[in-house]
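So the chains spell out like this:
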Amino acid sequence: MSNPEKENTKTDDKLNFVQNIISNDQQSNKYDGRILTRFPPEPNGFLHIGHAKSICLNFGIVEKFPGALCNLRFDDTNPAKEEEKYVESIKEDIKWLGFDWKDRLFFSSDYFDKLYEYAVKLVKKGKAFVCDLSTEQMRAHRGTITTPGKESPFRNRTAEENLGLLEQMKKGEFKDGEKTLRAKIDMASPNLNMRDPVMYRIIHTHHQRTGDRWNIYPTYDFAHGQSDSIERITHSICTLEFENHRPLYDWFLDELDVYHPQQIEFARLNINYTVMSKRKLMQLVTEMHVSGWDDPRMPTISGLRRRGYTPESIRNFCERIGVGKVNSTNDVALLEHFVREDLNRTAMRVMSVLNPLKIVIVNYPEDQEEELDAVNNPEDETKGTRKVPFSKIIYIEKDDFMEDPPKKFFRLAPGREVRLRYAYYIKCTDVIKDENSGEITELHCTYDPATKGGDSPDGRKVKATLHWVSVKHAVMAEVRLYTHLFNREDPENAEDGKNFTSCLNLDSLKTLRNCAVEPSLATAQPEDRFQFERLGYFCVDKDSTKENLIFNRTVTLKDTWAKVQKKK
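Residues numbered from 1 in each chain as written. Predicted model: local features only at pLDDT ≥ 70, side-chain atom pairs only at ≥ 80, totals over all residues. Heavy atoms only, no water.

## Some details on the packing of helix 5 (residues 112-124) against helix 7 (residues 159-171)
When two helices pack together, their arrangement is given by the angle between the helix axes and the distance between those axes. With their axes 9 Å apart at the nearest point, helix 5 and helix 7 run at an angle of 155 degrees to one another. For the element pair helix 5 / helix 7, the angle class is roughly antiparallel. Along this stretch, helix 5 crosses helix 7, giving a crossing that reads as right-handed. Contact residues: helix 5 offers Tyr116, Val120, Val123 and Lys124, while helix 7 offers Ala159, Asn162, Leu163, Leu166, Glu167 and Lys170. (Axes fitted to C-alpha atoms, helices over the stretch in contact; angles between N-to-C directions. Helix = DSSP H or I, 4+ residues; strand = E, 2+ residues; numbered from the N terminus. Parallel < 35°, antiparallel > 145°, perpendicular 65-115°, else oblique. Left-handed = near helix turned anticlockwise from the far one by under 90°. Contact = heavy atoms within 4.5 Å.)

Below is the structure:
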């Protein structure tokens, strides 16, 4: 099995070219030795695992370089799609991951006045104009990669006329979409982003922070670089899709003759069996394919958190995959490997039976009860032990018994002896069935009192150890078994004529009720994480109560990624 932590130590510099650039800039005293990055989310949805990579990269620079700072700046330039709940969820996600922006919280809307001044400056220079073309007409005028665009008939308005129209736009004298402010660059540019892009559009919508003061709002391309400049960002780190936007980023800053940060692009994080488009995630929520943004099947940070992922596992995953310049898709098995690795180290072991089958130990005294010592975490001796009650009637998993077992089935069967974890050897002597259905309802077994603790004084061996829960002491719970939300590695690549929702896995959630868990779990709180022995890692759901315990399966115990690495 590979050791990801050792690999990280060896290849850290190679895996993060951005940190190499910053290190070189610091050594050359570029920006007077300052390092200031920013994480600029749009408050129009919940963050997903892809954003976690950017968060870890930007805030990780603060941890890597003494004196470095990182701003949290909300790009709140489209009030039609933004809500305060998204602002709060993003702040919560960043803090949960273990990062802190301290007093460096900003909003693009903080700079609306300054951005408008910049727009006026460009108009006066003849570098921007008010255009009356509709969105559809602009698209038709834009051209293609191989053919130049067509100039707007309004492109040559005078600066005075453009200033007057822009002021009218600002005052709300035109309808949504009736006019835009566009940069005047080059309609024949091979880069489509340079073909007179829109800088301002009319949106008559209440803004969560500025109210109804503004009727026009800057586009991301216009607000982005200028906000970086205002904050005096040194390294503006973006995902690779913004590489073609960099000439526009530079053009605005150069034409305005203002402080000029450096934009650096890195490959975004993609994972198989899911989608990362915020628009598609919104569709899953609005069409009720999932229960919400924090549904444990979603790749959102809040969804992963609810499922039982730890901040450490996500940060380790982001570090392991590195920061490169080529887009690729990561195997979700690698993400699961890191959460298993973390939970194996930290999670308390408990016994839970998801599909109970009753066993009566016929020779165990009727009124006797025992408290057996159970190890809390074999990876951490400091976690100690706990007491687990044992009595005459217990539950085991239905799958741990077969009446007519095949050759390689070593668990319980008629006449066969097995070990009960921390308890005794038991042997099945009788099988009780429902008279009508023939379904097995109960097993009768005998136990060997001399095997207490799980070993036999005479040295006889058994081939299986089963987990169990005492019926008398069991706490009943609901358990939700989650797997991939999609049944196709690349849901975006759906069959002809179908969209990504056609790839939804209808078996991605299986809910089990009347599961039996050991009594130590009666007081478990939301987000408490456990290893259910032999079954997997589980987390207490946020909707769980003392009267109705709910556990979400984080991952199974089987580590696909470790096996793949071992074969390699």
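## Some points on empty space enclosed by the protein
Enumeration according to the criterion identifies one cavity of 30 Å³ or more in this entry. In this structure, the largest cavity encloses a volume near 220 Å³. For the largest cavity, the lining is made up of 19 residues, of which Thr274, Arg297, Leu304, Arg307 and Val332 are closest to its centre. Going through the elements one at a time, helix 11 (301-307) and helix 13 (332-346) are the ones with two or more residues in the lining of the largest cavity. Among the elements that line the lining of the largest cavity, the one with the most residues is helix 13, at three residues. Each residue belonging to the lining of the largest cavity can be placed in one class, and the counts come to twelve nonpolar, four polar and three charged. (1 Å grid on protein atoms, 1.4 Å probe; cavity = no way out; pocket = protein on both sides within 12 Å on 5 of 7 lines; lining within 4 Å. Points joined across faces, edges and corners; volume = space filled by probe spheres on them. Nonpolar A, V, L, I, M, F, W, Y, C, P; charged D, E, K, R; others polar.)

## Some thoughts on the packing of aromatic side chains
Counting across every chain of the model gives 23 aromatic pairs. Between Phe59 and Phe99, the ring centres sit 5.7 Å apart and the planes meet at 25 degrees, which makes this aromatic pair stacked. Of this pair, Phe59 sits in helix 3 (residues 49-64) while Phe99 sits in the loop between helix 4 (84-96) and strand 3 (105-107), and the two are 40 residues apart along the sequence. By the burial criterion, Phe59 is buried, and Phe99 matches it. Ring geometry for Phe112 and Tyr217: centres 5.7 Å apart, planes at 70 degrees, overall edge-to-face. Separated by 105 residues along the polypeptide, Phe112 in helix 5 and Tyr217 in strand 7 (residues 216-218) bring together distant segments of the chain. (Phe/Tyr/Trp six-rings, centres within 6.5 Å; stacked < 30°, edge-to-face > 60°. Buried < 20%, exposed > 50% of the residue type's maximum accessible area, 1.4 Å probe, protein only.)

## Some points on the sheet that holds strand 2 (residues 69-74)
The sheet built from three strands is open, its strands ordered 1-2-3 with parallel pairing. The sheet is open, and its two borders are formed by strand 1 (36-39) and strand 3, each paired with just one other strand. For this sheet, the mean inter-axis angle between neighbouring strands, taken without regard to orientation, is 35 degrees. Bridge count between strand 2 and strand 3: three bridges; the pairing is parallel. Looking at strand 3, one finds that Leu72 is bridged to Leu105. Packing against the sheet, helix 8 (residues 220-231) makes contact with strand 1, strand 2 and strand 3, and its axis sits at approximately 140 degrees to strand 2. (Pairing = 2+ DSSP bridges.)

## A few points about the side chain of Arg553
You can see Arg553 is positioned in strand 27 (residues 549-555). A polar side-chain atom of Arg553 sits 3.4 Å from the main-chain carbonyl oxygen of Tyr482. Apart from the residues lying within four places of it in its own chain, the contact partners of Arg553 are Arg307, Arg480, Leu481, Tyr482, Tyr537 and Phe538. (Polar contact = N/O pair within 3.5 Å; in protein donor to acceptor, adjacent residues only side chain to side chain.)

## A few points about the pattern of salt bridges
In the structure shown here, the tally under the stated rule is 44 salt bridges. Asp110 serves as the salt-bridge partner of Arg209, at 2.9 Å between the closest nitrogen and oxygen. With Arg209 in the loop between strand 6 (198-202) and strand 7 and Asp110 in the loop between strand 3 and helix 5, this residue pair connects regions lying 99 residues apart in the sequence. Given a relative accessible area of 40%, Arg209 falls into the partly exposed group. (Salt bridge = Lys/Arg side-chain N within 4 Å of Asp/Glu carboxyl O.)

## Things to note about helix 2 (residues 17-27)
All of the buried residues along helix 2 are Phe17, Val18, Gln19, Ile22, Ser23 and Asp25. Just downstream of helix 2, Asn29 is the residue with a positive phi angle, here 65 degrees.

## Looking at the layout of surface pockets
Over the atoms, a rolling probe the size of a water molecule traces out where space has been left empty. Estimated volume of the largest pocket: approximately 1,000 Å³. In terms of lining residues, the largest pocket is bounded by 35 residues, among which Glu42, His51, Glu241, Phe242 and Lys278 are the most central. When residues of the lining of the largest pocket are traced back to their parent elements, those giving at least two are strand 1, helix 3, helix 8, strand 8 (235-239) and helix 10 (278-286). Its residues placed into classes, the lining of the largest pocket shows twelve nonpolar, eleven polar and twelve charged. Empty space within the second largest pocket amounts to approximately 580 Å³. Forming the boundary of the second largest pocket are 19 residues, of which Met138, Arg142, Asp196, Pro197 and Val198 lie nearest the centre.

## Here we look at the pairing of strand 2
Counting buried residues along strand 2, five of its six residues qualify, which places the element largely inside the surrounding structure. With four bridges joining them, strand 1 and strand 2 adopt parallel strand pairing. When the bridges of strand 2 are listed, Leu36 appears paired with Leu69. After leaving strand 1, the chain enters helix 3 and then returns to the sheet as strand 2, a path that is right-handed. In this fold, the crossover linking strand 2 to strand 3 by way of helix 4 has right-handed handedness. (Right-handed = clockwise from strand over helix to strand, strands pointing away.)

## Things to note about the sheet that holds strand 25 (residues 529-532)
What the seven strands build is an open sheet, ordered 12-25-26-27-23-24-13; its pairing is mixed. Strand pairing shows two members of the sheet lacking a second neighbour, strand 12 (348-350) and strand 13 (352-353), which therefore form its edges. Strand direction decides the pairing type here: strand 23 (residues 475-482) and strand 24 (residues 509-517), joined by seven bridges, are antiparallel. When the bridges of strand 24 are listed, Leu481 appears paired with Lys510.

## Here we look at the packing of helix 3 against helix 12 (residues 311-321)
Relative to each other, helix 3 and helix 12 sit at 85 degrees, their axes nearing to 10 Å. The angle between helix 3 and helix 12 places the two elements in the roughly perpendicular class. Mapping the contact onto sequence places Ile49, Ala52, Lys53, Cys56 and Glu63 in helix 3 and Ile314, Arg315, Phe317, Cys318 and Ile321 in helix 12. Tallied by class, the residues present in the contact of helix 3 with helix 12 amount to seven nonpolar, no polar and three charged.

## Here's the deal with the confidence of the model for the protein
Considering every residue of the protein, the mean pLDDT works out to 94; 96% of them sit at 70 or more. Across residues 1-13, where pLDDT falls below 50, the model places 20 contacts with residues more than four positions away in sequence or in other chains. (pLDDT = per-residue confidence, 0-100.)

## So, the environment of Ile61
For Ile61, the location among the structural elements is in helix 3. Here the alpha-carbon distance between Ile61 and Ile22, two residues 39 residues apart in the chain, equals 8.8 Å. Beyond its immediate sequence surroundings of up to four residues, Ile61 is in contact with Val18, Gln19, Ile22, Ile35, Thr37, Cys56, Ala68 and Ile237.

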